[in-house]
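In case you want the letters, here they are:
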Amino acid sequence: MSETIGRDAGIFLAAGLCGIASGLFGIGGGVLLVPLLGLLFSFSQHRAQGTSLVALIPPTGALALVAYARSGFVSWRTGLLLIPGVFLGGIVGGKLAEKLEPRRMRQVFAGILFALGAWQAFSAWWR
Amino acid sequence: MTFIILLLGLAVGVLVGLLGVGGGVVLVPAMVYLLGMDQHLSQGTSLFILLPPIGLGALGEYWRQGQVDLRAGILCAFGMLFGAYGGSLVALPIPSRHLQGLFGCFLVLSAILLLRKAELDERPTVARKKSADE
């Protein structure tokens, strides 16, 4: 029993960390949550991804959004245009995930993230 | 421009379903570079997109395959709700240029974590566990 509570507390804390990243960088936090669930709590990859999607169902970024909106940092029109595509694409991606080899897929994604991140840091500080 | 934004949403959505992430991690740089938006504006807009349950369609697919830990997911949602507010309070006073640089560092770190996870999956114990899950 206490083991379950310890695990629950650990998951809650890890998610809190993902939340800080979420508010800080305006992201969902899944990109950090998926590897953390796998590395710290030995979730299988598919299970970590499915569980991360549950965490993204309630508007976890709502409080952070209010803070950004107050400072005028929200483009409502762009956001509205993006939402339908992201929803429909999500269904396609969920079906694809069944068929693809997850390890290769993740390596490609990690490569893209690494390149994007290095580019962002470089263009911010050294250009 | 409207067409580009619609297409961008679709492309990001496929990633959401494939990887179980919110999509913001790709959307923010895409808005900065493709749409020429400011870093803070991109981040705020990304949080707006995450407001409706855009991952619901993808979640349905995972649910049918029994790949969801509901209890852990709910715990994570609460942790992220409060964490996200704290994070936004830190981000807002930071100048856009530095925020963009920090975002880049975060992406690199996430990429390393993902790769590390990919390596662990090659171990036979994890492979066994996976087949037991199925």
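All figures in this text were calculated on a predicted structure; none of them were measured in a lab.

Let's talk about the overall build of chain B
- If you tally the helices and strands in chain B, you get seven helices and zero strands.
- Helices and strands appear in chain B in the N-to-C order α-α-α-α-α-α-α.
- Of all 134 residues assigned to chain B, the portion counted as buried reaches 52%.

Considerations on the interface of chain B and chain A
- Each partner contributes to the interface: chain B provides 97 residues, whereas chain A provides 94 residues.
- Breaking the side of chain B that touches chain A down by element, the ones donating at least two residues are helix H1 (2–19), helix H2 (24–33), helix H3 (39–49), helix H4 (56–64), helix H5 (70–91), helix H6 (96–120) and helix H7 (124–133) of chain B.
- For the side of chain B that touches chain A, the element with the most residues is H5(B), which contributes 21 residues.
- Taken together, the residues that form the side of chain B that touches chain A break down as 59 nonpolar, 28 polar and 10 charged.

Thoughts on unusual backbone geometry
- Even without a glycine there, the phi angle at A:Ser42 is positive, about 45 degrees.
- Inspection of the secondary structure puts A:Ser42 in the loop between helix H2 (30–41) and helix H3 (45–55).

Here's the deal with the domain arrangement of chain A
- When the domains of chain A are assigned, the result is domain 1 (1–73) and domain 2 (75–127).
- Taking the mean C-alpha position of each, domain 1 of chain A and domain 2 of chain A sit 17 Å from one another.

The rules behind these values
- Residues numbered from 1 in each chain as written.
- Chains lettered and ligands numbered in written order.
- Predicted model: local features only at pLDDT ≥ 70, side-chain atom pairs only at ≥ 80, totals over all residues.
- Helix = DSSP H or I, 4+ residues; strand = E, 2+ residues; numbered from the N terminus.
- Buried ≥ 20, exposed ≤ 12 C-beta atoms within 10 Å, placed from the backbone.
- Contact = placed C-beta atoms within 7 Å.
- Nonpolar A, V, L, I, M, F, W, Y, C, P; charged D, E, K, R; others polar.
- Domains from an automatic or database assignment.

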